[in-house]
Amino acid sequence: MLHSKLSKAVFIGHLLLFLILPFTSFQHPKDISVLAEDTNCIAPATAVQQVQLNKNAVKFVHSYLNKNNEDLVKIKERSVSPFRTIDGVLRKYGLPTQLKYLAVIESELKSSAVSRVGAAGTWQLMPTTARLLGLKVTKGYDERRLLGKSTKAAALYLRDLYGEFGDWLLVMAAYNCGPGPVYSAIRKSGSRNFWRLQYHLPAESRDHVKKFIATHYYFEGNGSITTLTKAECVQYNTAVMLLATKQVKLPLPSVDNQARQNIAFGN
């Protein structure tokens, strides 16, 4: 749910750093590699590299998936059509398509969903925020319930939040409680790492982030740049770039027939 006005989206490039971070492997329900992302942690690249689950999330993810498996199975069965629409919009705005799993935990992909505080639609947008994002919300007509338009609005807001925080886990937290509490947690913890500042966030918001991670793992078997902190994302992209460099094969120069004969006879 959204509770703040938009700020201008600014995309910030990350420096390549070599970091050693604690990861724990996790495979549920099957082992699937994910597409690597560029160093801005936004647009997809072509290399393939496994993304592992941070050890701080393992217990929560296992518990969440065990408790909600039946519901997730039902959502997955009817997810093809809405995911197709959502993927198209997210790609249009240069965002990772894995952000679609946020809609799963927000509304179970139900356009009719309404929260106790008035958020509505697949992306659970509040009326004020929805209007700021260009949606029409009146007593007789509510574009929050239209998947294509509400996804466009959510994409703009997610892009704006990423420009503000440069970290997808903080974006997930801010989507739930607004940027204010996230900045407060950063100040109190002295860190921008979600796993260090999480207990300075509202309980609902820190669980919201972990639910997103768990749902991502349910649908894809492992993670992506959207389940990593900024530092983890930089480390991941560095590893991908190094891997890609090792796999690059330089093209052989063209050789005409006379040159081939010269080579064959040692001339």
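Computed from a predicted structure; not experimentally measured.

(A) Structural detail: the overall build of the protein chain. A count of helical and extended segments in the protein chain gives 11 helices and 4 strands. Relative to its 267 residues, the protein chain shows a buried fraction of 48%. Look at the contacts in the protein chain between residues 6 or more apart in sequence, and 65% of them connect residues 24 or more apart. Counting only carbon and sulfur atoms, one obtains 55% of the accessible surface of the protein chain, whose full area is about 13700 Å².

(B) Layout of helix 2 (residues 80–92). Under the 1.5 Å per step criterion, the end-to-end length of helix 2 is 18 Å for 13 residues, consistent within 8% with the ideal 18 Å. Within helix 2 the residues assigned to the buried category are Pro82, Phe83, Ile86, Asp87, Val89 and Leu90. Each element contacted by the buried residues of helix 2 is listed here: helix 3 (100–107), helix 5 (147–165) and helix 9 (203–220). Just downstream of helix 2 lies Gly94, where phi reads positive at about 70°.

(C) Summary view of unusual backbone geometry. Although it is not a glycine, Leu109 adopts a positive phi angle of roughly 65°. Along the polypeptide, Leu109 turns up in the loop between helix 3 and helix 4 (127–132). Assessed through its relative accessible area of 10%, Leu109 is described here as buried.

(D) Structural view of the packing of helix 1 (residues 58–77) against helix 9. Close contact between helix 1 and helix 9 brings their axes to 9 Å; oriented N to C, the two are set at 60°. Put simply, helix 1 runs oblique to helix 9. Both helix 1 and helix 9 take part in a crossing whose hand is right-handed. Contacts between helix 1 and helix 9 involve Phe60, Val61, Tyr64, Leu65, Asn69, Leu72, Val73, Ile75 and Lys76 on the former and, on the latter, Asp207, Lys210, Lys211, Ile213, Ala214, Thr215, Tyr218 and Phe219. Of the residues in the contact of helix 1 with helix 9, the class split is 11 nonpolar, 2 polar and 4 charged.

(E) Representation of the environment of Val73. With respect to the secondary-structure elements, Val73 resides in helix 1. Residues Val73 and Tyr218 lie 145 residues apart in sequence; the distance between their C-alpha atoms is 9.4 Å.

(F) The packing of aromatic side chains, seen in detail. Counting across every chain of the model gives 9 aromatic pairs. For the pair Tyr162 and Trp168, a centre-to-centre distance of 4.4 Å together with 25° between the ring planes defines the contact as stacked. Here the two residues Tyr162 and Trp168 agree in accessibility, since each one is buried. Judged by centre distance (4.9 Å) and plane angle (80°), the rings of Phe194 and Trp195 are edge-to-face.

(G) Region of the structure containing the environment of Tyr199. Tracing the backbone shows Tyr199 in the loop between helix 8 (194–197) and helix 9. On a C-alpha basis, the gap between Tyr199 and Lys188 in space is 9.9 Å, while along the polypeptide they are 11 residues apart. Residue contacts for Tyr199: discarding those within four places in its chain leaves Arg206 and Lys210.

(H) Geometry of the nonpolar core. Counting residues in hydrophobic clusters, the biggest one holds 64 residues, and the most contacted among them are Trp123, Tyr175, Val182 and Ile213. If you tally residues by element for this core, the top one is helix 6 (residues 168–177), at 9 residues. Those residues in contact with Ile213 that sit more than four places away from it in its chain are Leu53, Val61, Leu169, Trp195 and Thr227.

Rules used throughout
- Position labels on residues start from 1 in each chain and follow its written sequence.
- Predicted model: local features are reported for residues with pLDDT of at least 70 only, side-chain atom pairs are reported and counted for 80 or more only, and whole-chain, interface and lining totals are derived from all residues.
- Side-chain measures were taken over the full set of non-hydrogen atoms in the model, leaving aside hydrogen atoms and water.
- Starting at the N terminus, helices and strands are each numbered in turn, a helix being any DSSP run of H or I of at least four residues and a strand any DSSP run of E of at least two.
- Under the scheme applied here, a residue whose accessible area is under 20% of the maximum for its type counts as buried, over 50% as exposed, and between as partly exposed, the area being computed with a 1.4 Å probe on protein chains only.
- Contacts were defined at the residue level, with two residues in contact if any of their heavy atoms lie within 4.5 Å.
- Each accessible area is a Shrake-Rupley estimate made with a 1.4 Å probe; only the visible protein chains count as cover when residues are assessed.
- The span one expects for a helix is its residue count, reduced by one, times 1.5 Å.
- Whenever a helix is involved, its axis is fitted only over the stretch in contact; in every case the axis is a line through C-alpha atoms, and angles between N-to-C directions fall within 0 to 180 degrees.
- Each angle is binned into one of four classes, with values under 35 degrees roughly parallel, values over 145 roughly antiparallel, values of 65 to 115 roughly perpendicular, and all other values oblique.
- It is the rotation of the near helix from the far one that decides the hand of a crossing: anticlockwise by less than a right angle makes it left-handed, clockwise makes it right-handed.
- Polar here means any residue outside two lists: the nonpolar Ala, Val, Leu, Ile, Met, Phe, Trp, Tyr, Cys and Pro, and the charged Asp, Glu, Lys and Arg; Gly therefore counts as polar.
- Each pair of aromatic rings taken from Phe, Tyr and Trp, with Trp reduced to its six-membered ring, is defined by centres within 6.5 Å and is described as stacked if the planes are under 30 degrees apart, edge-to-face if over 60, and tilted in the remaining cases.
- Nonpolar core, defined: a set of buried Ala, Val, Leu, Ile, Met, Phe, Trp, Tyr and Cys residues in which side-chain atoms within 4.5 Å join the residues together.

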